[in-house]
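A look at the structure
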Amino acid sequence: MDLNRLAQKCSTVSHLKQLQAHLTTTGSFKSPFCPVRSKLIEFYALFPLPHQAHSLFLQIDTPSTNDFNAILRGLASSSQPAAAISWFHRMLRGSHKIDALTCSFVLKACARVLARSQTLQVHSQVVRCGFAADALLGTTLLDVYAKVGDLGSARKLFDEMPVRDIASWNALIAGLAQGNFASEALELFKRMREEGLFRPNEVTVLGALSACSHLGALKEGEKIHRFIRDEKLDMNVIVCNAVIDMYAKCGFVDKAFVVFDSVKCKKSLVSWNTMIMAFAMHGDGSKALELFEQMGQADVKPDEVSYLAALCACNHAGLVDDGMSLFNSMAENGVNPNNKHYGSVVDLLGRAGRLQEAYDIVKSMPMVPDVVLWQSLLGPCHIYGNVKIAEIASRKLVEMGSNNCGDFVLLSNVYAAHERWKDVGRIRDIMKNRDVRKVPGFSYVEVDGAINKFFTGDKNHEKWREIYDKLDEIRFKIKEFGYVAGTNYVLHDIGEEEKENALCYHSEKLAVAFGLISTSEGTSIQVFKNLRICGDCHFVIKLISMIYNREIIVRDRVRFHKFELGTCSCKDYW
DNA sequence: ATAGGGTTAG
């Protein structure tokens, strides 16, 4: 029987049952080798119907490695990848022979469930069975280590690999880019080009572009875009999407849209989502919603990411009613809201001051609200001084084991706004007792193509003296404008410092100051900040852009703010 | 017959 035809036909359980009956009558379960039987097992596993697959096993006289591999392969791609790992252990316990493919399939499952210690176990099996020299398996291992977050092991494997090929390089570059080691990913990409043994292909540039997006490294990103053209790499949808995302994340929506608009290939769902998210991040709600409409006309069905991007656009543009009707229309369009959608709506209502409504929605949720959701509810409480809801949300967060400094600070802000200093002190004590880790804020700034990273108040940069001098100058000028730091800013930063110091020695000001020193007049400065820009911060940047007559683009954790001569293109902020 | 590297996400 033709297996390809079989694969197309076997889309329902009854097909599988028919096939099984056929195999039983022909006595195929007795024979040691039968590809159709293995395929049947794989389909059952993929469905996933692990019990059916198991009962087939009981009919086989002596299950071969092929039969086991089939079930592993099916389960690894199914909705129950963890089951593949159990079957692997069953094989080991029963002393069944495993081969390189067996390992490859379990590893895929390990990656999907992010099982770090399991990956290590499979690795030791690989070594014990003598498969360590297998180049394909080596790359799989490397990739899985990276995916489960163990970049150290991934790197070590790469360095010690007897045979490396293009896929090994790609796996590590992509792994580093996704795993918060974006600058390392770019370095590796550079090294690959310098060594010249392998020519970067489409997959390689995807990893490198994704690294640029994470860093906001515009100059590098542009170089890669040029490289793609010069080397005539295939601008397929996926590469296009990555280019669009890169321009958007580097602050250039217009350029992103040019690429989006002029792509030769057919736009995919991801293309639309990426572009909608790009407009959302830049505060251009109407363009984002327009695209959302257009994608429907282009016969692309919005998925959960599309809705999230559209909701996000409403948040950033303050389109409360549009956001609500969008949210309410989700279910009838076949997309069930998840925690993130609820979070977005809570955020939307919260910013508009409709905290009770937001809380009612939280209470009505069919799933358990996650930490991020309670944080979204807690966030705007201090602006509107809602102690009651702030306390409810904080209690939930503490119950859920959150030890995040930001959560405590937000509650303390609410008390501070009501001048309940005793409660503020109590929160500080709790933070001390619970040993709440203060996460230092950091920013990136790109100057002349080089990326600099700053932590709050650090002195690591070679030019730190000049930077601090510049900060003094900035502080002086800001004071001349009669600016006084507000309470929420200081508490947000939980600096022990005095208000003024907290304001000026914040990482972001360091970055801005660095830009002021090093770039030539008239160039725009890009700052990439890991925190949200809050009220005072925002105001100070406006002042700086006005005083120094500079364009400053700041990307915080959720969106872009473009400051030009003391104005900001982003409509709302907090 | 069956294996590795890929884009979007408050």
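A brief report on the enclosed structure follows. The model shown is predicted, which means the values in this text are computed figures rather than measured ones.

With respect to the pattern of salt bridges
Evaluated as defined, the whole model comprises 18 salt bridges. Residue Glu 160 is joined to Lys 156 by a salt bridge in which the shortest nitrogen-to-oxygen separation is 3.6 Å. With Glu 160 and Lys 156 both in helix H10 (residues 151-160) and four residues apart, this pair spans about one turn of that helix. Side by side, Glu 160 and Lys 156 carry an identical accessibility label, which is exposed.

Describing the nonpolar core
Core analysis: the biggest nonpolar cluster contains 154 residues, and Ile 224, Met 275 and Leu 377 have the highest contact counts within it. Setting aside anything within four residues of it in sequence, one finds Ile 224 in contact with Leu 186, Phe 189, Val 205, Ala 208, Leu 209 and Cys 212. Within the second largest apolar cluster, 28 residues are counted, among which are Tyr 468, Ile 478, Leu 510 and Val 512.

Description of helix H5 (residues 65-77)
Its 13 residues place the ends of H5 18 Å apart at the C-alpha level, agreeing with the 18 Å of an ideal helix rising 1.5 Å per residue. Judged by how many residues are buried, H5 sits mostly within the fold: ten of 13 residues are covered. Looking only at H5, the buried set comprises Thr 65, Asp 67, Phe 68, Asn 69, Ala 70, Ile 71, Leu 72, Gly 74, Leu 75 and Ala 76. Against the buried residues of H5 lie helix H3 (35-46), helix H4 (50-59), helix H6 (81-93) and helix H7 (100-113).

Some thoughts on the protein's contact with DNA strand B
Neighbouring DNA strand B are 40 residues, the closest being Asp 165, Asn 170, Asn 201, Asn 241 and Arg 557. Near the protein, meaning within 4 Å, the atoms of DNA strand B are sugar or phosphate in a fraction of 43%, with bases accounting for the rest. Here a base nitrogen of DNA strand B sits 3.1 Å away from a polar atom, N or O, in the side chain of Asn 66. At 2.9 Å from a base nitrogen of DNA strand B is found a side-chain nitrogen or oxygen belonging to Asp 134. The element contributing the most residues to the surface near DNA strand B is helix H11 (residues 166-178), with seven residues. Among the residues forming the surface near DNA strand B, the class breakdown is 17 nonpolar, 13 polar and ten charged.

Analysis parameters
- Residues numbered from 1 in each chain as written.
- Chains lettered and ligands numbered in written order.
- Predicted model: local features only at pLDDT ≥ 70, side-chain atom pairs only at ≥ 80, totals over all residues.
- Heavy atoms only, no water.
- Salt bridge = Lys/Arg side-chain N within 4 Å of Asp/Glu carboxyl O.
- Helix = DSSP H or I, 4+ residues; strand = E, 2+ residues; numbered from the N terminus.
- Buried < 20%, exposed > 50% of the residue type's maximum accessible area, 1.4 Å probe, protein only.
- Core = buried A, V, L, I, M, F, W, Y, C linked by side-chain atoms within 4.5 Å.
- Contact = heavy atoms within 4.5 Å.
- Expected span 1.5 Å × (residues − 1).
- Near = heavy atom within 4 Å.
- Polar contact = N/O pair within 3.5 Å; in protein donor to acceptor, adjacent residues only side chain to side chain.
- Nonpolar A, V, L, I, M, F, W, Y, C, P; charged D, E, K, R; others polar.

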